Structure formats: structure tokens, C-alpha cells
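Coordinates in review
Take a look at the letters that make up each chain.
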Amino acid sequence: MTESSNPGFQQIAIVGLGLIGGSLALDLRRLHLAEHLLGYDQRSHHCEEALHRNLIDSVSMHFDEKLRHADLVILATPVSSFPQVLHSIRSQLGPHTLLSDVGSVKSPLLSTIQDYPELIPRFVGGHPIAGGERFGPTSARTHLFEGKRFILTPSDATPLKVTQRLQLLWEALGSNVTVMNAAQHDQIFAAVSHLPHLIAYASIQAIIGSDQEEVLRFSGAGLKDFSRIASSSPEMWTDIFLENKEHLLPRLRHLKELLGQLDDHLEHANREKLQQFLQQAKFARDQWIG
């Protein structure tokens, strides 16, 4: 990395040492993007595992004076915990500490930041489009963000230099960074991430709700691939669904309309309309996802 592309963080604190927070710590250390890594997590076993795996240099279940020396604090906790976390760390942050996050919903945290005027110009939201169905620090791995998209969501009050510094950090981690506003982010990801996760959970419920659970042992690769994300953390996804319900509910209601159409096509054995429905979906997927 050249000097001009180095974001220049000496100490980075990661609040939440699960899959994303732990993987971030691994790559920050591997790529020498910080001199010292601080870790915070309310779960003692997460702290112990993070130390055991050498993810961070020091760890605590409680915010302490070390946080004041961090150049950057990244929140990697469930999105519903952000208000409480901000309230707890506000007095511990240094006067020039930058603040970011890796949450899947951006507008709620941006709204909460408005209650802390001194933090507004030092905050820029972020969302790595990376992860997996496993969670906790035992699932942390290197190269998780490499080649993946990362979304930055600065507000109108975020100085350009703050956004650029966070962009340099995530590009150094191998991510392809896109900048957009928080509302646009939440609308997009309600469609391409949150709704598919909701459908994956619902598909399993639909199967076990109409049959015995053991029928799942007869499933093949199709169901396994489709439903993989239903093994993700229920706690995390409950937070995401509720925090982004403003954008998710219209998508869910539209899905119900489409299911009604499918019901009608099947009920009346309308081969032409059923095939047209499937063909439209196949074309869109093949065109944009490949």
C-alpha cells in the first residue's frame, strides 16, 4: 500500500466481535492497517475467543479509558443496540475519534446520531455486503471482504475527507466501495437482501408447517442452496427486519400479491401465464445476477 492510499489509523476499536467484527479485526491485523486493535463485546465467551484467536490486542466487556485513544470506532453489534451503545461510549470517545458501523440498516443509526451533535461530522455509516450463515468470533475468517461490495452512507453533514478516509480503509481491505445516502441504501437492501432472507426463513416454516420436520432430510441441493441463509442469526435478522420495516413491508406485500397470482395460475392450470411469470423472473435474474 502506498502512503497516499493508507488511511492512517493507529488504533481502531471494534465494538462487537462476531463474524463481521472478528473478520474485520483479522484483516486489519493481517494487512497492518492499524497499530493496535481494541475489542469490546458484552459476551465473555466472545472476548475469550477473540483473545484466543489473537483477533485483537486487548478486549473488554465494558467500555474503558482505552477507547479515548482510538482513531476510529466501528460498531459491529446488532442494529437495535446502537442507541444504547452510543449512549455508553459518548463520554469515552476522544475529541477527534471517527465513528462508523457495519450494520445492514443505515437510517436508524443516522437518526440516532442526530442526538449527539458533536458526533455528526465524525460519523459515516457503512455496510459490507459480505458475511455468512455462521456467527460469532469462531466463524471469523480472513479475506471475507475481498472482492465484495461495501456501501458507505455519509450524511450531508459528513465532511468529504471523513468519507474518503473510510473509503481508503475498506478499499485497502479489498472491497469495492459505493457511496449512497442512507434512505437509498435501506430501500435497495430491503429488496435484494432483507426480503430474500425473510423468504428463506418462511420457506422452511412452510415446509415444517405442512409436514413433519424430518421431511427436510430428503431435501436436495436446490433447497439447501436456497435456504442456506435461513441458518443466519435469528437475533440479528429480527433486528434488521424490524429496523427496516418501512421499506421491507411494501416488498413483502408485493410478494403476497405475486403469490396470489401464482395461486390463481395454478388453480386454473393456466400454463401460459405461469410460464410467462417464471420466464420474466429467470430473465431478470440472468441479466443482473448471472
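Note that this is a predicted model, so its numbers are computed, not measured.

Right, let's talk about the overall build of the protein for a bit. The number of helices and strands found in the protein is ten helices and eight strands. Relative to a compact globule of 290 residues, whose C-alpha radius of gyration would be 19 Å, the protein shows 21 Å and is just as compact. Judged by the C-alpha coordinates and their principal axes, the protein covers about 65 × 40 × 35 Å. Considering the protein as a whole, with its 290 residues, one finds that 42% of them fall into the buried category. When contacts within the protein are restricted to residue pairs at least 6 apart in sequence, those whose partners lie at least 24 apart make up 74%. Total accessible area computed for the protein in this model is approximately 15900 Å², and 52% of it derives from carbon and sulfur atoms.

Counting 33 residues, the largest nonpolar core has Ile12, Leu28, Leu166, Leu169 and Trp170 as its most contacted members. For this core, the secondary-structure elements that each account for two or more residues are β1 (11-15), α1 (19-30), β4 (72-75), β7 (149-153) and α5 (160-172). For this core, the element with the most residues is α1, which contributes six residues. Every residue in contact with leucine 28, bar those within four places of it in the chain, is listed here: Ile12, Ile14, Leu33, Ala34, Leu37, Leu169 and Leu173.

This part takes up the sheet that holds strand β6 (residues 125-128). The mixed open sheet is built from three strands, whose spatial order is β6-β7-β8. Of all strands in the sheet, those bounded by a partner on one side alone are β6 and β8 (176-179). Neighbour-to-neighbour, the strand axes of the sheet open up by a mean angle of 20°, direction not taken into account. Note that β7 and β8 share four bridges and pair parallel. Across the sheet, phenylalanine 150 pairs through a bridge with valine 177, a residue of β8.

On to the sheet that holds β1, then. Read from one edge of the open sheet, five strands run β3-β2-β1-β4-β5, paired in parallel fashion. Sheet topology places β3 (58-60) and β5 (98-101) at the edges, where each strand pairs with a single neighbour. Neighbouring strand axes in the sheet, compared pairwise and without regard to direction, differ in orientation by 20° on average. When strand β2 (residues 36-40) meets β3, the two strands line up parallel, connected through three bridges. Bridged to glycine 39 within β3 is valine 59.

Tracing the backbone shows serine 233 in the loop between α7 (221-227) and α8 (234-243). When its relative accessible area of 9% is taken as the criterion, serine 233 is described as buried. From its side chain, serine 233 meets the backbone nitrogen of methionine 236 in a polar contact 3.1 Å long.

A few words now on helix α2 (residues 44-52). Here α2 has its buried residues at His46, Cys47 and Ala50. Take α2 and look down its axis: the buried residues cluster within an arc of 100°, on one side only. More than 90 degrees from the buried face of α2, the exposed residues found are Glu48 and His52. Among the structural elements, β3 are those in contact with the buried residues of α2. Of the residues flanking the end of α2, it is asparagine 54, one or two places downstream, whose phi is positive at about 60°.

Our next topic: unusual backbone geometry. Of note, the phi angle at histidine 32 is positive, near 55°, even though the residue is not glycine. Locating histidine 32 in the fold gives a position in the loop between α1 and β2. A positive phi angle, close to 60°, is found at asparagine 54, a residue other than glycine. Here asparagine 54 shows up in the loop between α2 and β3.

In this section: the environment of leucine 168. Structurally, leucine 168 can be placed in helix α5. Taking the C-alpha atoms as reference points, leucine 168 and alanine 183, separated by 15 residues in sequence, lie 23 Å from one another.

Remember that side chains alternate between the two faces of the sheet whenever the strand is regular. The element β1 is largely enclosed, with a buried count of four among its five residues. Bridge count between β1 and β2: five bridges; the pairing is parallel. Directly across from alanine 13, in β2, lies its bridge partner leucine 38. Handedness of the crossover joining β1 and β2 through α1 is recorded here as right-handed. In terms of strand pairing, β1 meets β4 through four bridges, oriented parallel. Pairing of isoleucine 14 across the sheet is with isoleucine 74, part of β4.

Calculation notes
- Residues numbered from 1 in each chain as written.
- Predicted model: local features only at pLDDT ≥ 70, side-chain atom pairs only at ≥ 80, totals over all residues.
- Heavy atoms only, no water.
- Helix = DSSP H or I, 4+ residues; strand = E, 2+ residues; numbered from the N terminus.
- Rg over C-alpha atoms; globule rule 2.2 N^0.38 Å.
- Buried < 20%, exposed > 50% of the residue type's maximum accessible area, 1.4 Å probe, protein only.
- Contact = heavy atoms within 4.5 Å.
- Areas by Shrake-Rupley, 256 points an atom, 1.4 Å probe, with all protein chains shown as cover.
- Core = buried A, V, L, I, M, F, W, Y, C linked by side-chain atoms within 4.5 Å.
- Pairing = 2+ DSSP bridges.
- Axes fitted to C-alpha atoms, helices over the stretch in contact; angles between N-to-C directions.
- Polar contact = N/O pair within 3.5 Å; in protein donor to acceptor, adjacent residues only side chain to side chain.
- Arc of directions from axis to C-beta.
- Right-handed = clockwise from strand over helix to strand, strands pointing away.

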